[in-house]
Amino acid sequence: MTSVNTSLLQKSDGSAELLLGSTKVIASVTGPIEPKARQELPNQASLEILIRPAVGLATTREKLLEDKLRSLLQSIIVRFKYPRQLIQVVVQFLISDSKRTETDLVDYTSNDLNAAINCCYYALIDAGIALKASFVSLSIAVKNGNLTVNPTVYELAQSDSHHVICFNIEKGKANKILLLESQGDIKEDELFAMISKAVEEAEKVHHEQQRKFVKEKVENDYVWKQ
Amino acid sequence: MAELKQVSFPPDVLARIAPDISLHRHLSVGLRPNLRNFTEFKPVDIASNNEITDSNANVFGSSVIKSGSTTVINTITLGVVEVNRSANAATHSNNDFTTVYPVVEIARGRSGAPTDEEMILSQTLHESILHSRLIPKTALSIKNYGSAVYDAATGKYTIYYPDLNPDEFELINFNHSKSYSFVLLSHIKIFSKQVSTSSLFDLCHMSTIQALSRLALPRVYISDTSSGTKVSIRSRSSNTRGLVGVSKSNINLDSNKDLYYPLSLNGATVDGDAMVDSEGPFDASGVSSNFGIISIPEEEDRKTVLLADLEGEAEESSILSRLSIIATKDNVIKKISLVNGDSDSEITLDLLKQAIEISKIRAQQM
């Protein structure tokens, strides 16, 4: 179950709300704006990433998610287009799999990371920030060699390994891996089988969801429509 | 018209003002700025003595490792929490494991709030040990806790355990039905940091595994008054002090070292009170290795190379495509963290395979 809704925040340059499985997240993009003096970079845009959990205050868990998201976004945003400027990305989780009080399950951050990345894609498009390419992220659980895309937290808990994989999409083809976070007991052949299956899945998501969304968005937002 | 002279800098000055150019020049002659080969790891020394644990009553496991001038000191202390027994009924395979709670501190000559780097290192360590399924929850649960009994004749306390002193224990009026578990608190201090953040994670991971493999857990007993105890740890349940119906019992760690027992890690065999010699501490956990990928210009073409164990300012600031792998010697990968940060030097699947292969070989040699 995936649903996207954009431009819902009035005061930011771009925003998106994404429901992916049982994770709901809202991302806002403000920028390019003037940075604080210490953030300013002479030849490219600086990024400020803030992640807020669904419940409570941000902890080291969110710091690590911020770090992963930053390493991805700084390579996909065309940063030299906005020298001496700041792009601020705020990700607020509304519903998150983690820290469910009714369960005693261990904490998995992979669904959160996956939802944050995908939501940032729509928010960056909405803000009109130049991107080098499209990107699609997938959360995958592997159990006995079988893949589950967008697993629930229970499926994660019973999996052998779990992965977040983000592809760079150019001309409708997933041509390189931008980010891979894999944990658990991973066998090498399983890993490469997972990657090749994920390529198909990511292209499917790109064609069926992202392209459709961007097309509709341009049609609706176009000022001179008939 | 004045002729514009070409400015030249000595190598160490160039390395500071243009680290990327300096790095490219080094790599094009087949050397790294730290004079290592491309896939050569920095040697790591692991201290074999157990001095910190032996001389500090509240430290139950420790390790000291050195890589160049970088020194990592890891001490593990214990906490006791009450566990909710009914919650464990459901069987979730990954839910049977727990992790350490690390606090990483990089000595910089000033104090203050932890930096992002320290927070990220701690959290990565916390998550990777959890997901590598190393510490079973059962290994930390406290079984057969004893009771301290005051003997009025001698004026001393004696501790009786249900498994060690079954006859005496039957006579004690012992009605304590709560279950407790240990929590592992790992304090990691890093001195004279020289290596990159990703190499620092490798060292922290290694030191935590080393400290865990040496960890000895004490017996726990309950006393009704707090007097006469050596190490007293307040349980989390006693946060309700001052409310109605709080028992005055204290949870104590027995400092009798003869009763210490080793932590049984998942996949590691424990023989008596020490790990079997043929088994290394890193067999079950794996060894963490990190790589950077950078392309260097080479006559008309560019060549992409894999650099192992990043070190120094030049490598840290100019290499954005990074790879971190925890592999065991049994061909199982516990963690991969890959970021393709540089579009010129892309991590291909072949490079990933190559890096996995190197990590496995390194795990076999540790």
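That block above? That's the structure.
Presented here is an overview of the structure given in this document. If you're wondering where the values come from, they're calculated on a predicted model, not measured in any experiment.

As for the overall build of chain A
Right, on to step 1. Scanning chain A from N- to C-terminus turns up four helices and nine strands.
Right, on to step 2. Secondary structure elements of chain A, listed N to C terminal, follow the sequence β-β-β-β-α-β-α-β-β-α-β-β-α.
Right, on to step 3. Its C-alpha atoms give chain A principal-axis dimensions of roughly 50 × 40 × 35 Å.
Right, on to step 4. Burial analysis of chain A (226 residues in total) assigns 55% to the buried set.
Right, on to step 5. In chain A, the share of contacts with a sequence separation of at least 24, taken over all contacts with a separation of at least 6, comes to 67%.
Right, on to step 6. Per element, the accessible surface of chain A, about 10,400 Å² overall, is 50% carbon and sulfur.
Right, on to step 7. Positive and negative side-chain charges in chain A, numbering 27 and 29 respectively, have mean positions lying 6 Å apart.

Observations concerning the sheet that holds strand β7 (residues 146–149) of chain A
Right, on to step 1. Ordered by their spatial adjacency, eight strands build an open sheet running β7(A)-β6(A)-β8(A)-β9(A)-β21(B)-β20(B)-β18(B)-β19(B), and the pairing between neighbours is antiparallel. The sheet terminates laterally at β7 of chain A together with β19 (301–308) of chain B, the two strands that pair on one side only. Averaged over all pairs of adjacent strands, the angle between strand axes in this sheet comes to 25°, irrespective of strand direction.
Right, on to step 2. Here eight bridges tie strand β18 (residues 287–298) of chain B to β19 of chain B, and the two strands are oriented antiparallel to one another. For Glu298 of chain B, the partnering residue across the bridge sits in β19 of chain B and is Asp301 of chain B.
Right, on to step 3. Sheet strands in contact with helix α4 (residues 116–131) of chain B are β8 (161–170) and β9 (173–187) of chain A together with β20 (321–327) and β21 (332–339) of chain B, and its direction is about 65° off that of β9 of chain A.
Right, on to step 4. Together, β9 of chain A together with β18, β19, β20 and β21 of chain B form the strand contacts of helix α9 (residues 349–365) of chain B, whose direction differs from that of β18 of chain B by roughly 140°.

A short note on helix α2 (residues 110–127) of chain A
An α-helical segment advances 3.6 residues per turn. Residues three or four places apart therefore align on the same side.
Residues and elements named next belong to chain A.
Right, on to step 1. With 18 residues, α2 extends 26 Å between its outermost C-alpha atoms, agreeing within 8% with the 26 Å of an ideal straight helix rising 1.5 Å per residue.
Right, on to step 2. Taken across its 18 residues, α2 has 17 buried, putting it largely inside the fold.
Right, on to step 3. Once α2 finishes, Gly128 follows within two positions and takes phi at roughly 70°, a positive value.

Quick look at the interface of chain A and chain B
Right, on to step 1. Across the contact, 39 residues belong to chain A and 38 residues belong to chain B.
Right, on to step 2. Surface buried jointly by chain A and chain B totals about 3,500 Å² across both partners, of which 53% is contributed by carbon and sulfur atoms.
Right, on to step 3. At the boundary of chain A and chain B, one finds three salt bridges.
Right, on to step 4. Where Glu188 of chain A meets Lys360 of chain B, a salt bridge forms, and the shortest distance between an N and an O atom there is 2.5 Å.

A look at the pattern of salt bridges
Residue and element names in this part refer to chain A.
Right, on to step 1. Throughout the structure, instances matching the rule amount to 20 salt bridges over all chains.
Right, on to step 2. With a shortest N-O distance of 3.6 Å, Lys63 and Glu66 are connected by a salt bridge. Taken together, the positions of Lys63 and Glu66, both in helix α1 (residues 60–76) and three residues apart, correspond to about one turn of that helix.
Right, on to step 3. For Glu66, a relative accessible area of 8% puts it in the buried group.
Right, on to step 4. In this structure, Lys215 and Glu219 form a salt bridge, with 3.6 Å as the shortest nitrogen-oxygen distance. One end of the pair, Lys215, and the other, Glu219, are both in helix α4 (residues 188–221), four residues apart, so they sit about a helical turn from each other.
Right, on to step 5. With relative accessibility at 56%, the residue Lys215 sits in the exposed group.

What counts and what doesn't
- Residues numbered from 1 in each chain as written.
- Chains lettered and ligands numbered in written order.
- Predicted model: local features only at pLDDT ≥ 70, side-chain atom pairs only at ≥ 80, totals over all residues.
- Heavy atoms only, no water.
- Helix = DSSP H or I, 4+ residues; strand = E, 2+ residues; numbered from the N terminus.
- Buried < 20%, exposed > 50% of the residue type's maximum accessible area, 1.4 Å probe, protein only.
- Contact = heavy atoms within 4.5 Å.
- Areas by Shrake-Rupley, 256 points an atom, 1.4 Å probe, with all protein chains shown as cover.
- Lys, Arg positive; Asp, Glu negative; His and termini not counted.
- Charge placed at Lys NZ, Arg CZ, Asp CG, Glu CD.
- Pairing = 2+ DSSP bridges.
- Axes fitted to C-alpha atoms, helices over the stretch in contact; angles between N-to-C directions.
- Expected span 1.5 Å × (residues − 1).
- Buried area = accessible area lost by both parts, 1.4 Å probe.
- Salt bridge = Lys/Arg side-chain N within 4 Å of Asp/Glu carboxyl O.

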